Amino acid sequence: MPGSPGGALVWGSPWLDPWGPRARGGCGLLCFILHLAALLLYNARHYSANACLIPICSLYGAAITTVEGIGNTKSRIHPVQERIAKCHGSQCGFCTPGMVMSIYALLRNHPEPTSEQITEALAGNLCRCTGYRPIIDGCKTFCKVSRSKFNNQNCCLDVEENPSSLDKEKVICTELFTPEEFQPLDPTKELIFPPELMVMANDQQKRTLIFHGERITWISPVSLKELLELKTSFPRAPLVVGNTSVGPDMKFKGVFHPIIISPARILDLNLVNYTKNGLTIGASCSLALVKDILENAVLELPRENTKVFCALLQQLKTLGGQQIRNMASLGGNIIQRHTTSDLNPVLAAGNCTLSVVSLRGRLQIPLNEQFLTGFGNAILQPDEILVSVHIPCSETGEFVSAFRQAQRRENALPIVNAGMRVLFKSGTDTIMDFSIFYGGLASTTICVNKSCQSLIGRCWNEQMVGDACRLVLEEVSIPGFTQDGRAEYKQTLIVSFLFKFYLQVLQGLRQMYPCRYHDMPVRWMSILQDFQTRIPQSSQKYQVNPEQLPQDPVGRPIMHQASIKHATGEATYCDDIRAVDKELFLAVVTSSRPHAKIVSSCALFKMAHSKQYFHQSNFFYLLQVNCVGQIVCAVVADSDVHAKRATVKVKITYEALEPVILTIEEAIKHNSFFDPERKLEQGNVDEAFETVDHVLEGEIYIGGQEHFYMETQSVLVVPKGEDKEMDVYVSSQHPTFAQELVASVLNVPSNRVMCHVKRVGGGFGGKVTKPAILAAITAVAANKTGHAVRCILDRGDDMLITGGRHPFLGKYRVKYKLGKVRAADIKSVTESSFFPYPKIMETALLRMDNAYKIPNLRFWGHACKTNLPSNTAFRGFGFPQSALVTESWITDVAVKSERQSGSNYIFYWTNSLVHIYTDGSVLVTHGGVELGQGIHTKIMQVTSHELRIPTSYIHVCETSTVTVPNTRPTAASIGTDINGMAVKNACQTLLKRLAPIKEKNPEGTWREWVREAFHQSISLSATGFFRGYDTNMNWEKGEGHPFEYFVYGTACSEVEIDCLTGDHKNIRTDIVMDVGCSINPAVDIGQIEGAFVQGVGLYTMEELTYSPKGVLCTRGPDQYKIPAVCDIPEHFSVSLLSSSQNPRAIYSSKAIGEPALFLGCSVFFAIKDAIAAARKERGLPGNFTLNSPSTPEWIRMTCVDQFTKMVRNCFLKDPRVHFL
Ligand SMILES: Cc1cc2nc3c(=O)[nH]c(=O)nc-3n(C[C@H](O)[C@H](O)[C@H](O)COP(=O)(O)OP(=O)(O)OC[C@H]3O[C@@H](n4cnc5c(N)ncnc54)[C@H](O)[C@@H]3O)c2cc1C
Ligand code: FES
């Protein structure tokens, strides 16, 4: 598996150690399958699980299957691997094994899954490259009714392309793969559960298991009595079931438990009991099992008895991903009383009881306000254990509902959640009992008991709900409420949920007593429907030339050359490179202050395994730090766990410096800018402003974005021991820069440093400059110690240290007349942090006019200096920010505007090296790095086309400074443009040399010609070169030719918003993209979809937050939400513009990696339109600010209504406020 998810398993990383593997359980990267012999049944069950969260001791008796275990290229690949690969479901391939294993687990349990089961299985897996569509397409082929292509007829804008407008010799194709060639899934061929483990499972009740780690002891008792005795002897030892809470606490919060008790084998904690009154479920039952149990109960019992069950199911649908639900236990979720528990509010509202036992006896504790707030004796004592939870059946006249709103609809902790229950006097709508519990507001779930009590006896009507909202708002205004700065939104959610509950109950009462209640107004009906994740329907269109020779691969949807290896886990990433003898590991120590002088430092550690190479004290050359997360020193040790642990021992004394600047606004206030300010001007803006009437002024802020490449920054430096030579294996988009920096810090010529990049697990611009810094630090350590040194950043450090997309503030003044913009004056500021990146602002300005021609235009751009980690290149390079500013004022001016994007790139030189061997095989190396964008695949197509040989003869190996020197970064989408030309050049040189031989023997074969050339001493090796295009820009004069050509694209998106919660759903997106003549339509469509979904993330959900002290709070998949399967449009179509030519690039193609990212803003503007429509209904003005990302909070708070007003007026006790 990539980044060694599988490797972690194979190497047996010490999961008894809190530092464990590097992931955090929220991304599904380290997914593997756990086969367990069920405790009660003599059969095995198959679960997907996240390796990073599983303590190795808990696997005793379990069978494990990693992706390597289900198939490989040496024997046979599994149908799941084949289909995901052949459907183009992998790009960088780093997430692919996780995807494969999630679907494999599903197929083991359901060989013909439904589409809902597929989306559910993939909800916990993140992919940053593909946009999920091709992965889903591959998985859909296992459904009974598979590959239902949606037909575009249901949109008025869908008009069939006029065939007469097409080149007659070309046809439109809609298939990117051929399902007929897939091997069938044969469940009888699957691995069986090892019989010896089955026997062991049967016998395992007999003995206590104890494992001693370096610092931790794991005890797994066999009986409840023994468990209670252990808990009495070690009251502070946690009971670890799923480890989804204890694990992250130990890894990331510094919590340490020397003894851990595992109750997994205690039968009492795994029993399920069905009675007439309800269900009693063992505390150790997994949430997945609880979901199954409740679903069965809902099917079997009368509807009126299952209200609590249904409300719990509502929460379980979106709680974590499938891998989390498979492991996390019911008891674990309850006992911790976390404010984010989705179950506690419902269990408490539903009057559930807990069965608790200790050596002192058994107790029944109500799961109520006292328990949740830990009041009096209600809290569990350290020696007590939760055995089971009783969930009662509901009764007639009782209604129970659950609500939650999160940053992302699935696999995200809730911002606020709620469980609500009302019981009416028999045959009436008079409230007899009422309870409301909220999560996300305080440190634990809270109850608004006072409000509920005062509503008893009231009838269920408008007035009641109005009073209820006011009462609840008053009651929840508790100290500390505003800690996370979302107070207003949270308060709004509280009342919005209550209003939803009111309507749900009203609907229920109407169904019970149809004569007594009127039909609900249609506009309210939509409030009752939650957004569902449906499997996307998609279509892809591209043009093919039927005249083309069948053996010519250019223009065909050829599978990514490494995708089978991605799917089998055989593709090697930096961290997969086998350990070198006596290899050391490096971990970095980072600044904890945003702006400070380093006064002193000391390393207090004296650890057996640590080999520090700094002095004991005052070892810094660095005198000042400029942001939290700045690398100040590093520690090397014999394992990554030891190195990481040692970093905690480094103590640094700081002296605070002023000012601390954390935002663009603060930078403007302190006049903290980098020079020079850039300006572009055309026409006469000042004159135009004097003559035109209508003026529009406004501003928009676009937040930053984290690259969130799946493979974090990784480097391995191996000193060769002679002549100061070093091999540097680095996950980098710019190996030459890493080579130069390493050579410079070691003070050796560049010819001693050999940089190698086999593939990169996603880069998106974040691996252009940053990996070189890490490589240089690691090389210093390798040079000093004489050992190979490896450094792999964990996700949290990677996010903290490396920076991301530049935030952007655009202020505009626009003059327009009769719908035509006559003049625009735009001032923009990027947040560059403490290291300038002038090219970002320059590119932003150069592209700011986007696809519009404005006669009088002035753009100003300034980069500000802050005390945050330096931002860097990110897909689109300033364009996605500046073009959003433009689109904002354009949409403000125009009632209806057609959205188009134009992007352009500055081109650079590059070279290549092509060898032909005497057996006819061809080895190609070029300056581009394989980041998942399919560059090696396209280069193989180019080579095949040029040399006229099958792609099977061609091999593209690693990118290396040894074979291709002085390369440019693989960035700005131009990899294939320039490297393709360089390879073409080399191939043509070789063809020229072979021409006389071919002429003499036209009937000969490629191998014969090559052999003959060898015998005639003709060189079969050639370099190729492409000098790029002449581009220039004179900023003094504001003139130049900065771009060679433009890429055009247009997107139309449709969304639905929930005005009460701020949630939104992407219903449909249609994209048409001009990619010239696509070299590989599957790769290009994949790039378009992936970039679009990354753009949707940028503009609608990915939000970076910092503490007031400049510490990045969003440092992992649990806090920072990138789009998941639930976020892609339900209907998603991509068409490549037909009959498009681009004579300026290879084979008339166009650069495509970046432009479609901007099209993600079509979703942003669709949301804005939807908000405007909601505001119009309420008589509110249509001009309002919507900053990016348009998170649920922004959406909700701009959909101003009586609830937001109520919150803003802070508990206005005005009886005139009505809700309807
Ligand atoms: C990526 C991710 C996403 C998540 N998303 C959500 C979400 O959306 N909504 C949500 O509600 N939760 C979410 N969670 C939290 C998850 O539901 C809880 O962590 C889980 O239910 C805890 O169960 P566990 O078995 O893993 O607990 P463990 O980590 O094994 O143990 C947790 C604690 O509970 C105690 N404990 C466990 N069983 C007993 C018992 N029988 N008696 C006494 N004490 C006991 C242990 O002593 C320990 O202190 C998420 C977690 C992760 C990692
Ligand atoms: S292919 Fe999914 S993260 Fe790269």
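Cut-off values and rules
- Residues numbered from 1 in each chain as written.
- Chains lettered and ligands numbered in written order.
- Predicted model: local features only at pLDDT ≥ 70, side-chain atom pairs only at ≥ 80, totals over all residues.
- Heavy atoms only, no water.
- UniProt positions renumbered as here; feature names shortened; annotations may be inferred.
- Salt bridge = Lys/Arg side-chain N within 4 Å of Asp/Glu carboxyl O.
- Helix = DSSP H or I, 4+ residues; strand = E, 2+ residues; numbered from the N terminus.
- Buried < 20%, exposed > 50% of the residue type's maximum accessible area, 1.4 Å probe, protein only.
- Axes fitted to C-alpha atoms, helices over the stretch in contact; angles between N-to-C directions.
- Left-handed = near helix turned anticlockwise from the far one by under 90°.
- Contact = heavy atoms within 4.5 Å.
- Nonpolar A, V, L, I, M, F, W, Y, C, P; charged D, E, K, R; others polar.
- Near = heavy atom within 4 Å.
- Polar contact = N/O pair within 3.5 Å; in protein donor to acceptor, adjacent residues only side chain to side chain.
- Areas by Shrake-Rupley, 256 points an atom, 1.4 Å probe, with all protein chains shown as cover.
- Pairing = 2+ DSSP bridges.
- Phe/Tyr/Trp six-rings, centres within 6.5 Å; stacked < 30°, edge-to-face > 60°.

- Labelled according to an unreviewed UniProt entry, the protein appears under the name FAD-binding PCMH-type domain-containing protein, originating from Sphenodon punctatus.
- Its UniProt record gives the protein a comment under Sequence similarities (unreviewed entry), which states: "Belongs to the xanthine dehydrogenase family."

### Comments concerning the pattern of salt bridges
Charged atoms that come close allow side chains of opposite charge to pair.
Next up, step 1: Summed over all chains, the structure comprises 48 salt bridges.
Next up, step 2: Here Lys 74 makes a salt bridge to Glu 570, at a shortest N to O gap of 3.9 Å. Taken as a pair, Lys 74 in the loop between helix H2 (67-70) and helix H3 (79-86) and Glu 570 in the loop between helix H20 (563-568) and strand S18 (584-590) lie far apart in primary sequence, 496 residues in all.
Next up, step 3: We classify Lys 74 as exposed; its relative accessible area is 75%.
Next up, step 4: Where Arg 458 meets Asp 467, a salt bridge forms, and the shortest distance between an N and an O atom there is 2.8 Å.
Next up, step 5: Classification of Asp 467 by relative accessible area gives partly exposed; the value is 24%.
Next up, step 6: A single network of salt bridges, built from pairs that share partners, joins Lys 679, Glu 681, Asp 686, Asp 825 and Arg 858.

### Considering the UniProt feature "transmembrane region" (unreviewed entry) in the protein
Next up, step 1: Listed under "transmembrane region" (unreviewed entry) in the UniProt record, and renumbered for this structure, are residues 23-42 and 49-67.
Next up, step 2: Between the end C-alpha atoms of residues 49-67 the distance is 12 Å, and the span holds 5% helix and 26% strand.

### Some remarks on the packing of helix H28 (residues 879-893) against helix H34 (residues 1161-1177)
Next up, step 1: The contact between H28 and H34 brings their axes to 12 Å, and the two run at 35°. Two packed elements cross with a definite hand, and for H28 against H34 that hand is right-handed. Touching Leu 884, Glu 887, Ser 888, Thr 891 and Asp 892 of H28 are Cys 1161, Phe 1164, Phe 1165 and Lys 1168, all from H34.
Next up, step 2: Of the residues belonging to the contact of H28 with H34, the class tally is four nonpolar, two polar and three charged.

### Examining the site of ligand 1
Next up, step 1: Not every one of the 31 residues close to ligand 1 is listed here, only the nearest: Val 241, Thr 244, Ser 329, Asp 342 and Leu 386.
Next up, step 2: Between ligand 1 and Val 246 there is a distance of 2.8 Å, counted from an oxygen atom to a backbone nitrogen or oxygen.
Next up, step 3: In isolation ligand 1 exposes 990 Å². Once the protein is present, 90% of that is buried.
Next up, step 4: Elements that contribute at least two residues to the shell around ligand 1 include exactly helix H13 (330-335) and strand S12 (385-392).

### Points about unusual backbone geometry
Next up, step 1: Look at the link from Asp 675 to Pro 676: it is a cis peptide, with omega at -5°.
Next up, step 2: Ser 1188 connects to Pro 1189 through a cis peptide bond whose omega is 5°.
Next up, step 3: As for its position among the elements, Pro 1189 is in the loop between H34 and helix H35 (1192-1198).
Next up, step 4: One non-glycine residue, Asn 243, lies in the positive phi region at around 65°.

### Considering the sheet that holds strand S33 (residues 910-916)
Next up, step 1: Within the open sheet, the four strands sit side by side as S35-S34-S33-S37. Their pairing is mixed. The two strands at the open ends of the sheet, each matched to only one other strand, are strand S35 (954-956) and strand S37 (1021-1026). On average, adjacent strands in this sheet sit at an angle of 20° to one another, irrespective of strand direction.
Next up, step 2: As paired strands, S33 and strand S34 (residues 922-926) are joined by five bridges and run antiparallel to one another.

### Some points on the sheet that holds strand S28 (residues 789-792)
Next up, step 1: Ordered by their spatial adjacency, seven strands build an open sheet running S21-S18-S28-S25-S26-S27-S36, and the pairing between neighbours is mixed. In this open sheet, the two strands that pair with only one neighbour each are strand S21 (631-637) and strand S36 (959-960).
Next up, step 2: In this sheet, S28 lies alongside S18 in parallel orientation, the contact comprising two bridges. Note on S28: the bridge partner recorded for Phe 585 is Arg 790.

### Concerning the packing of aromatic side chains
Here a ring pair, both rings aromatic, is described through the centre-centre distance and the interplanar angle of the planes.
Next up, step 1: Counted by the stated rule, this structure contains 19 aromatic pairs.
Next up, step 2: When the ring of Phe 403 is compared with that of Phe 497, the centres are 5.4 Å apart and the planes differ by 20°; the resulting orientation is stacked. Pair noted here: Phe 403 is in strand S13 (residues 398-406) and Phe 497 is in helix H18 (residues 487-512), with a separation of 94 residues, a long-range link.
Next up, step 3: Given a relative accessible area of 5%, Phe 403 falls into the buried group.
Next up, step 4: An angle of 85° between the planes, with centres 6.1 Å apart, marks the rings of Phe 499 and Trp 524 as edge-to-face. In this pair, Phe 499 sits in helix H18 while Trp 524 sits in helix H19 (residues 522-525), placing the two residues 25 residues apart along the sequence. Comparing Phe 499 with Trp 524 shows no difference in burial state: the two are buried.
Next up, step 5: One aromatic cluster in this structure is built from Phe 399, Phe 424, Phe 434, Trp 460, Phe 499, Phe 501, Tyr 502, Trp 524 and Phe 1203.

### Digging into the environment of Arg 678
Next up, step 1: Note that Arg 678 resides in strand S23 (residues 673-682).
Next up, step 2: Of the residues examined, Arg 678 reaches a relative accessible area of 18% and is grouped as buried.
Next up, step 3: With 160 residues separating them in the primary sequence, Arg 678 and Pro 838 have C-alpha atoms 9.1 Å apart.
Next up, step 4: Filtering out sequence-adjacent residues up to four positions away, Arg 678 remains in contact with Glu 842, Leu 845, Phe 859, Trp 860, Gly 861 and Trp 1035.
Next up, step 5: Engagement of the side chain of Arg 678 in a polar contact is seen with the side chain of Glu 842, the distance being 2.8 Å.

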